[in-house]
Amino acid sequence: MKQALPFVFTLLAISLFAQEYPEVSYSNSYTQQAFYSLSDNATTNIDNDSWEVAFSIYGTGVFINETAKVFGAENALYLAPTNDFDDVVNENDLTGRLLNVEKTWDYGAFNEPRDENNPNDIGWGMYDPMTDVVTGDRVFVIKFKNGTYQKLQITSLDQGIYTVKHADLDGGNETTLTVNKADFPDSQLAFLSLASGQTLDNVPGDWDLLFTRYSAPVDDGAGGFFDLVTSGVLSAPGIEVAEARGVDPFYVEYTDYVDSLSTDIDVIGWDWKEFDNVSWTLATDRAYFVKRPNGQVWKIIFLTFGGSSTGNVAFEKTTIVANAVTDKNAFESFGVSPNPLNETSTAAFSVHQSGSVKIGLSNMLGQRVWSGSFHATTGLNAIQLPDFA
């Protein structure tokens, strides 16, 4: 004879969703990069030829602009064979191209020469903890997209002001510029055009994803890698991303990937698409979960990519609301009947939006005895519960 046992019905989590289908563009021939905000779909495009160097506002990272229409046409950064800016540099003496890390916004290509065992070595300069000043001690050379060269030194970061000087390799046309962090109170990065001597004023301060061209390591098919300029997606500082690979992207659950969230900025990266020498195809087995610092999470599934002909990227964006056990407003009602349970007991609940709901049963001692996940539709839902002896 079965014994009627009292149980407590618990709402463990709910993933409610509202789907949208935004489109972001690199523009025709990849001439632009796009800063995109998930919360309101705001997109800001800037010309890839409008800047060469970007400076971190909250740190000491300095980045080279690696965007280009085709591989080999991008700006290239090298460490000069001298640390004296007044020395003449021969372009034939340049070796070892420096690249942005694409894992973090803390360090860029100008930080790459640093000694990782010396916390005061910034790469482009040396930090003095007594004065809180970074003094430039390395000289760099930039090969621009048009094939010309200039040497460059970040001479200091003092009281929030970067000072930069650049000149022709023989020292001609020397120019000194400054970038004041205080001019960018809401931004993560400041973008500088060496040609005009001006910083860009159209870069948004609040963005989540950057659709851009950058140098990424690509398998050469022979057991090695080479750096290829490719179109991809990088996440903003403070954004966490998890990739769900080898799944049905439309049904994969965020709760299964919470522990996979990473602050690496290239988790989305470039390999959600592939060129088969005729057209672009998109991976059909993956989705991405993007979490903002405020806890809001979105699931992204890429749908189409136009390549260089249009530069357009279309994707499905699903808003995820996690941990709704603490948000009773997500539910209109919930309960179990009859309780104590028997072989016909049913859990009933009503939700405002469709989504994935995880529920649990605990005994009167608070011990979890069962849990299950279900797809709920807007309105009233009913689930037949297990028959407990």
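This text follows the structure it describes.
Residues numbered from 1 in each chain as written. Predicted model: local features only at pLDDT ≥ 70, side-chain atom pairs only at ≥ 80, totals over all residues. Heavy atoms only, no water.

### Quick word on the pattern of salt bridges
- This model, assessed by the stated rule, comprises 13 salt bridges.
- Between Glu20 and Lys317 there is a salt bridge, with the nearest N and O atoms lying 3.3 Å from each other. Residue Glu20 is found in strand S2 (residues 19-20), and its partner Lys317 is found in strand S25 (residues 312-320); the two are separated by 297 residues along the sequence.
- Taking relative accessible area as the criterion, Glu20 reaches 32% and is therefore assigned partly exposed.
- Judged by relative accessible area, which is 0%, Lys317 ranks as buried.
- Between Arg292 and Asp208 there is a salt bridge; the shortest N-O distance is 2.9 Å. Of the two residues, Arg292 sits in the loop between strand S23 (286-291) and strand S24 (297-305) while Asp208 sits in the loop between strand S17 (198-199) and strand S18 (209-219), which places them 84 residues apart along the sequence. Note on accessibility: Arg292 and Asp208 belong to one class, buried.
- The structure contains a network of salt bridges with shared partners spanning Glu112, Arg114 and Glu116. (Salt bridge = Lys/Arg side-chain N within 4 Å of Asp/Glu carboxyl O. Helix = DSSP H or I, 4+ residues; strand = E, 2+ residues; numbered from the N terminus. Buried < 20%, exposed > 50% of the residue type's maximum accessible area, 1.4 Å probe, protein only.)

### Observations regarding the pairing of strand S11 (residues 133-136)
- Pairing geometry for strand S10 (residues 125-128) and S11, over four bridges, is antiparallel. Its bridge partner lying in S11, Asp128 is registered against Val133.
- Between S10 and the antiparallel strand that follows it, S11, lie four residues; Asp132 among them carries a positive phi value of about 60°. (Pairing = 2+ DSSP bridges.)

### Here's the deal with a negative patch on the surface
- Together, Asp84, Asp86, Asp87 and Glu174 make up a region of like negative charge exposed at the surface.
- Here Asp84 is to be found in the loop between strand S8 (76-79) and strand S9 (97-98). (Patch = residues over 30% accessible without salt bridge, like charges linked within 9 Å, V, L, I, M, F, W, Y side chains within 5 Å. Areas by Shrake-Rupley, 256 points an atom, 1.4 Å probe, with all protein chains shown as cover. Lys, Arg positive; Asp, Glu negative; His and termini not counted. Charge placed at Lys NZ, Arg CZ, Asp CG, Glu CD.)

### A look at empty space enclosed by the protein
- On inspection of all chains with the given rule, the structure shows one cavity of 30 Å³ or more.
- Taken as a whole, the largest cavity encloses approximately 190 Å³ of empty space.
- Looking at the largest cavity, it is lined by 21 residues, and the ones nearest its centre are Trp51, Asn100, Glu102, Trp105 and Leu234.
- Of all elements in the fold, only strand S7 (62-64), strand S16 (189-193) and S18 reach the threshold of two or more residues within the lining of the largest cavity.
- When residues in the lining of the largest cavity are grouped by element, the largest group, four residues, is from S18.
- Of the residues assigned to the lining of the largest cavity, the class counts are twelve nonpolar, six polar and three charged. (1 Å grid on protein atoms, 1.4 Å probe; cavity = no way out; pocket = protein on both sides within 12 Å on 5 of 7 lines; lining within 4 Å. Points joined across faces, edges and corners; volume = space filled by probe spheres on them. Nonpolar A, V, L, I, M, F, W, Y, C, P; charged D, E, K, R; others polar.)

Honestly, that's just the spatial picture; any functional story needs more than this.
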